[in-house]
Amino acid sequence: MTRVLSVLLALAACAGLAAPATTATIRTVKVGDNYFVRDGGTPTVTVTRDTRVRWRWSGNSFHDVTVVGGPVRFKSRAMDSGSYTRRMTRRGTYRIVCKIHGGADQSMTLRVR
Amino acid sequence: MRRLGGLAGFLVAAFALVAIAPAAAEARTQTFDMQTRPFTLSGFQTIFPKIAVPTPERAGYITQMDAWLVDARGRKVTIRDVMLHHIVFINAGRPGGAPKRSSCAGRSSEPFWGTGEEMQPLMLPPGYGYPVGARERWNMQAMLMSHSLRAHTVRIRYRVRMVLGERRKRVKPLWLRANGCAKHPSYDIEGDMPPGGVHKRQHLWRMPISGRIVAASAHLHGSSYGMTVQQPRCADRTLIDHKPLYGLQSDIVYRAKPILHEPGPIATGHFQSQTGIPVRKGEFLRVTGLYDGTRPHVQVMAISHVYIAAEREAPRACAPPPTDARILWTRKSGRTQAPVVEIPLNGIGADGQVREIDRPAGPEQFSMSPTAAVSLARERILPANLSVARGTRVNWDFVDTATHNITLASGPRLIGSANVRKGARYSRTLNTPGTYKLFCYLHPITMTQVIAVRP
């Protein structure tokens, strides 16, 4: 158990070293046809403050990325390919939906620590 | 908005009228205000719910009905967001009870009220009612079309006015379609007639009962001249002449963009006669749908919803039409002639906004072959732009597992497939030169195609 913990701590330390506070890391989030990240459910993605989150379109339909609850509101345009990037400067929990497919169909939670 | 207010006002007035009418004063009338479960439509989605719906759970006689879409807060939803293309309520009878009979053989349930864009409420003349039992089950079939890029959650709200605790003369609803008992209630119009050409579709319906026609309403689509119900036994005289009324140019149905289909009439008139027109069991009524035949029209309908008060015997003589026969209109202002509406193709621009487009993105594929292959895959129609010689056979192959269709937006002749999925092929030989603009009406923003047929 302690070994697992120490490995995890080492990994965490590595991650910290690889991403100095001055250069924001990038976290990619998949925008699929009627889902974020993976098909089914409402995934939670956790990032640290100042991370750049890049939503990358991988399906066939049009989608958008719209914050419907959280410290900052933002939204992408409706797109069927390409990506949309946003630097997360405010801590908190963001509820994000695709307005085209609705929160019941396509939503995610983004946690910024 | 004022127009909608006017319609709502009319409906309220119509419902209030029964409450104060002397004939209804002795009987107890009650309005049951109900709604379906919610439906969520994603951007530009079209859905066809077929569900069981709540009933008043009371035995009595239905005299009036209407329905509209509401949002989560109960506010009326307009065509700008979601359009109620059509709705039909069907009585499936009581569990273990005698099966209900539809107008077509082999269907054991009875449609008793339906309407489309004309939004015609059910209105039976005083003294009549559609009998329902407390334990009868109702199904509802509808078509809802989103006109918005955003997802919307809507319910269908419907009101049923009933007479309780007192008998009414029973009416039998008959669904008389110009295309008979064909599998699909709709039919296509090729658009190959010379200028002024009127497309007629006709069916002879055998009357299952004797009685009197006391009410009738029509469901018609855009470009219709109307429909008639004639009586061959009496020198083929016209019993009911259903006329469409189209919205003014300023009407929301022409202004709500994007336009995804040819707008239908805003009213079709409602025939009513307390005396009624006698019809005899076994006799035929000729039902004719009249449409513009000079341009192609996709999946039109002509259905007369006829309500017959059953009687053991009806007179053999062809008496003159009843003097109390009248046509009630839900809308006053409009156009009697169908406006010519060219359906555009639509797409999403680089700014994320929906707009009309001349053609889809991508180069034109110039084909010299006598056959041309098109695939519907990954929610696209490819090639999106195609040029073929006159007489080319075009095969559309449906590759996606999702259901798609090929629907004509505009062009010199009809092109139109059913809703089909993976493995299906739709073919058409294009003999008339011109530009054909096509789309999948289930994916109207992403799936568009332009085919140029060279002379």
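Residues numbered from 1 in each chain as written. Chains lettered and ligands numbered in written order. Predicted model: local features only at pLDDT ≥ 70, side-chain atom pairs only at ≥ 80, totals over all residues.

*Asks:* Even after reading the chapter, I still don't get the overall build of chain B, so can you show me in this structure?
*Replies:* Helix and strand content of chain B: three helices and 33 strands. For 455 residues, the compact-globule formula gives about 23 Å, and the C-alpha radius of gyration of chain B, at 23 Å, lands near that figure. Pairs at least 24 apart in sequence give 76% of the contacts found in chain B among residues at least 6 apart. (Helix = DSSP H or I, 4+ residues; strand = E, 2+ residues; numbered from the N terminus. Rg over C-alpha atoms; globule rule 2.2 N^0.38 Å. Contact = placed C-beta atoms within 7 Å.)

*Asks:* Would you mind showing me how to read the overall build of chain A here?
*Replies:* A count of helical and extended segments in chain A gives one helix and eight strands. Per-residue burial over chain A gives 24% buried out of 113 residues. (Buried ≥ 20, exposed ≤ 12 C-beta atoms within 10 Å, placed from the backbone.)

*Asks:* What's the story with unusual backbone geometry in this structure? I'm lost.
*Replies:* For residues besides glycine, phi is generally negative; the peptide bonds are generally trans as well. Proline 258 of chain B follows lysine 257 of chain B through a cis peptide bond whose omega is 0°. When you line up the elements, proline 258 of chain B lands in the loop between helix 3 (252–255) and strand 18 (270–279). Residue leucine 382 of chain B is joined to proline 383 of chain B through a cis peptide bond whose omega torsion reads 0°. Examined against the element boundaries, proline 383 of chain B turns out to sit in the loop between strand 27 (380–382) and strand 28 (385–389). The phi angle at asparagine 34 of chain A is positive, at roughly 70°, despite the residue not being glycine.

*Asks:* Help me out: how do you make sense of the confidence of the model for chain A in this one?
*Replies:* Caution applies to low-pLDDT regions: their predicted coordinates should not be interpreted in detail. For chain A, the mean per-residue pLDDT works out to 85, and 79% of the residues sit at or above 70. In this model residues 7–21 of chain A is a low-confidence stretch, pLDDT under 50, and it forms one contact with partners more than four residues away in sequence or in other chains. (pLDDT = per-residue confidence, 0-100.)

*Asks:* Would you mind going over the domain arrangement of chain B with me for this structure?
*Replies:* Residue and element names in this part refer to chain B. What the domain assignment lists for chain B is domain 1 (2–328) and domain 2 (345–454). Counting residues at the interface gives 13 residues for domain 1, matched by 13 residues for domain 2. Elements with a contribution of two residues or more to the side of domain 1 that touches domain 2: strand 13 (187–189) and strand 20 (297–300). Broken down by class, the residue content of the side of domain 1 that touches domain 2 amounts to seven nonpolar, three polar and three charged. (Domains from an automatic or database assignment. Nonpolar A, V, L, I, M, F, W, Y, C, P; charged D, E, K, R; others polar.)

*Asks:* What's the story with the environment of arginine 95 of chain A in this structure? I'm lost.
*Replies:* Its place among the elements puts arginine 95 of chain A in strand 7 (residues 92–97). Residues contacting arginine 95 of chain A, with those up to four places away along its chain left out, are Val68, Gly69, Gly70, Ser107 and Thr109 of chain A.

*Asks:* Would you mind showing me how to read the sheet that holds strand 2 (residues 35–36) of chain A here?
*Replies:* Across a sheet, strands are paired by hydrogen bonds formed along the backbone, either parallel or antiparallel in direction. Residues and elements named next belong to chain A. The strand order across the open sheet formed by four strands is 2-1-4-6, and the pairing between neighbours is mixed. Each edge of the open sheet carries a strand with a single partner, namely strand 2 and strand 6 (83–87). Inspection of the sheet shows strand 1 (residues 26–32) paired to strand 2 by two bridges, in the antiparallel sense. Residue valine 31 lies in a different strand from strand 2, and its bridge partner there is phenylalanine 36. (Pairing = 2+ DSSP bridges.)

*Asks:* Got a minute to help me understand the sheet that holds strand 31 (residues 425–430) of chain B in this structure?
*Replies:* All names here are of chain B. The strand order across the open sheet built from four strands is 27-26-29-31, with neighbouring strands paired in mixed fashion. Each edge of the sheet is formed by a strand with only one pairing partner; in this case those strands are strand 27 and strand 31. Across the sheet, the axes of successive neighbouring strands diverge by a mean angle of 20°, strand direction being ignored. With six bridges connecting them, strand 26 (residues 371–377) and strand 29 (residues 392–398) associate as parallel partners. Across the sheet, residue threonine 371 finds its bridge partner in strand 29, namely arginine 393. (Axes fitted to C-alpha atoms, helices over the stretch in contact; angles between N-to-C directions.)

*Asks:* Is there a simple way to explain the environment of lysine 257 of chain B in this structure?
*Replies:* All names here are of chain B. In this structure, lysine 257 sits in the loop between helix 3 and strand 18. On the neighbour-count criterion, lysine 257 (13 C-beta atoms within 10 Å) is partly exposed. Placed 122 residues apart in sequence, lysine 257 and arginine 135 show a C-alpha to C-alpha distance of 43 Å.

*Asks:* I keep staring at the interface of chain A and chain B and nothing clicks. Help me out?
*Replies:* Interface size, as often reported, equals the accessible area lost upon joining of the parts. Counting from both sides, the interface comprises 13 residues of chain A and, opposite them, 13 residues of chain B. Tallied by class, residues from the side of chain A that touches chain B come to five nonpolar, four polar and four charged.

*Asks:* I keep staring at the pairing of strand 19 (residues 284–292) of chain B and nothing clicks. Help me out?
*Replies:* It is a general feature of regular strands that their side chains alternate between the two faces of the sheet. As paired strands, strand 14 (residues 198–206) of chain B and strand 19 of chain B are joined by nine bridges and run antiparallel to one another. Looking at strand 19 of chain B, one finds that histidine 199 of chain B is bridged to tyrosine 291 of chain B.

*Asks:* Where do I start with the pairing of strand 9 (residues 128–132) of chain B in this structure?
*Replies:* All names here are of chain B. Of all five residues making up strand 9, four are buried, and the element is well covered by its neighbours. The pairing of strand 9 with strand 12 (residues 169–177) spans two bridges and is parallel. Paired with glycine 129 across the strands is arginine 170, a residue of strand 12.

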